[in-house]
Structures are given as structure tokens and as C-alpha cells.
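Reading the structure
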Amino acid sequence: MTSLVVVMGVTGSGKTTVGVALAERMGVPFADADDFHSPENVAKMRSGVPLTDADRRPWLLAIGNWLAEHGSGAVVTCSALKRGYRDTLREAAPGITFLHLHGDKATVHERVGSRKGHFMPESLVDSQYADLEPLGDDEKGVVVDFALPVDVIVDRFLE
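Residues numbered from 1 in each chain as written. Predicted model: local features only at pLDDT ≥ 70, side-chain atom pairs only at ≥ 80, totals over all residues. Heavy atoms only, no water.

Section: the sheet that holds strand β4 (residues 97–102)
- Spatially, the 5 strands line up as an open sheet ordered β2-β3-β1-β4-β5, and their pairing is parallel. Each edge of the sheet is formed by a strand with only one pairing partner; in this case those strands are β2 (30–31) and β5 (141–145).
- Where strand β1 (residues 4–8) and strand β3 (residues 74–77) come together, 4 bridges link them in parallel fashion. When the bridges of β3 are listed, Leu4 appears paired with Ala74. (Pairing = 2+ DSSP bridges. Helix = DSSP H or I, 4+ residues; strand = E, 2+ residues; numbered from the N terminus.)

What follows is the structure, encoded as C-alpha cells:
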């Protein structure tokens, strides 16, 4: 079984919900990438400004280090929108597998628009889709529709 998993996708795709369920099923630690953001990055996103690659680099390095420290098994969420971001994670923790939660942009707009208490505004959904680079054929991972029930998503990944 895959021991290091990154649950990836745009904001509002259900990464945290699926990641928690997957980690519980696998019996491994879970971390939410939101907890690795600097206060500056959170403030920037809260104000509706997309992060740059330079903004994301320390965040990605911190997530990669956390994965490397949990080499025997862990699940972490991370948008991991671009191939280069996933490469950064793989440099720190080779062998990770990605679970890409993918689906309809209108559903994400609805989810993010109705979400309370989160720093990521609905206005940034389109920029996330614009940045999204699908997993390459040479990247270890599975793409699953985020509209499916959580247990079904976890089952499909673990198959």
C-alpha cells in the first residue's frame, strides 16, 4: 500500500475531508496544508490576491519536510496545482502518490462561496483552475471526481 499520499486539487475540492478519511483508513498521521501557510500568505489570500510561485515555495518546502519526517506513512493535503510544485514535494519525499480531486468549477464556486471561516475567498477559484496542471502520465497518482461520496473516493484510491 502507498504510504505517503498528497490529496491535491483546487480550493473547495474536498481535500481536507477526503484526507482525514483516507488517513483514518490507512492508520497514518494527517496534516492539512493550510496549517503550513505563513501569516503573510494567509493575509494575501484573504484579501483576494493569488499567491505567486515565490510565495508558495517555503510552504511547499515545509509540507515536503513534514512528509519526509513521516516516511513510514502519512497523508497531507496540498493544492499542488502545478507540476513544479509536485516536483518540490517529490524532491523532499520521493515515492509519494497523489490523489487528485477533480471536478466541476461551478460546484467549487458554490462550495467556497458557502464556506464560513476560511481565508480562501471564492474570487480565487478561477485563478486556481487557471494554474491547475493535471497529473502527467509519468506522475504517480489517481484522479477521482470530487462529487463522489468520500468513502467511494477513498475506496477508488486504495484500489
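Quick word on the pattern of salt bridges
- Taken as a whole and judged by the stated rule, the model has 9 salt bridges.
- A salt bridge links Arg86 to Glu139; its shortest N-O distance comes to 2.8 Å. With Arg86 in helix α4 (residues 83–92) and Glu139 in the loop between α6 (125–131) and β5, this pair connects stretches of sequence that are 53 residues apart. For the pair shown, Arg86 and Glu139 are each scored as buried.
- Where Arg90 meets Glu139, a salt bridge forms, and the shortest distance between an N and an O atom there is 2.9 Å. Of the two residues, Arg90 sits in helix α4 while Glu139 sits in the loop between α6 and β5, which places them 49 residues apart along the sequence.
- For Glu139, a relative accessible area of 7% translates into the label buried.
- One continuous salt-bridge network, built from bridges that share partners, spans Arg83, Arg86, Asp87, Arg90, Asp138 and Glu139. (Salt bridge = Lys/Arg side-chain N within 4 Å of Asp/Glu carboxyl O. Buried < 20%, exposed > 50% of the residue type's maximum accessible area, 1.4 Å probe, protein only.)

Digging into the pairing of β1
- Across the 5 residues of β1, 5 count as buried, placing the element largely inside the fold.
- Burial of β1 is two-sided: the residues Leu4, Val6 and Met8 facing one way and the residues Val5 and Val7 facing the other way are all buried.

Thoughts on the environment of Arg25
- Within the secondary structure, Arg25 is located in helix α1 (residues 15–26).
- Overall, the relative accessible area of 41% leaves Arg25 in the partly exposed class.
- On a C-alpha basis, the gap between Arg25 and Leu158 in space is 9.4 Å, while along the polypeptide they are 133 residues apart.

A look at the packing of helix α3 (residues 53–69) against α4
- At a closest axis distance of 8 Å, the pairing of α3 and α4 adopts a crossing angle of 30°. Judged by the inter-axis angle, α3 sits roughly parallel to α4. As for how α3 packs across α4, the hand of that crossing is right-handed. In contact with Asp53, Arg56, Arg57, Leu60, Leu61, Ile63, Gly64, Asn65 and Ala68 of α3, α4 contributes Tyr85, Thr88, Leu89 and Ala92.
- Of the residues belonging to the contact of α3 with α4, the class tally is 7 nonpolar, 3 polar and 3 charged. (Axes fitted to C-alpha atoms, helices over the stretch in contact; angles between N-to-C directions. Parallel < 35°, antiparallel > 145°, perpendicular 65-115°, else oblique. Left-handed = near helix turned anticlockwise from the far one by under 90°. Contact = heavy atoms within 4.5 Å. Nonpolar A, V, L, I, M, F, W, Y, C, P; charged D, E, K, R; others polar.)

Points about the nonpolar core
- Residues Leu22, Leu67, Cys78, Leu89 and Leu99 are the most contacted members of the largest nonpolar core, which totals 40 residues.
- For this core, the secondary-structure elements that each account for two or more residues are β1, α1, α3, β3, α4, β4 and α7 (150–158).
- For Leu89, the contacting residues outside a window of four places in its chain are Val6, Leu60, Ile63, Gly64, Cys78, Ala80, Ile96 and Phe98. (Core = buried A, V, L, I, M, F, W, Y, C linked by side-chain atoms within 4.5 Å.)

The analysis is restricted to geometry; functional conclusions fall outside its scope.
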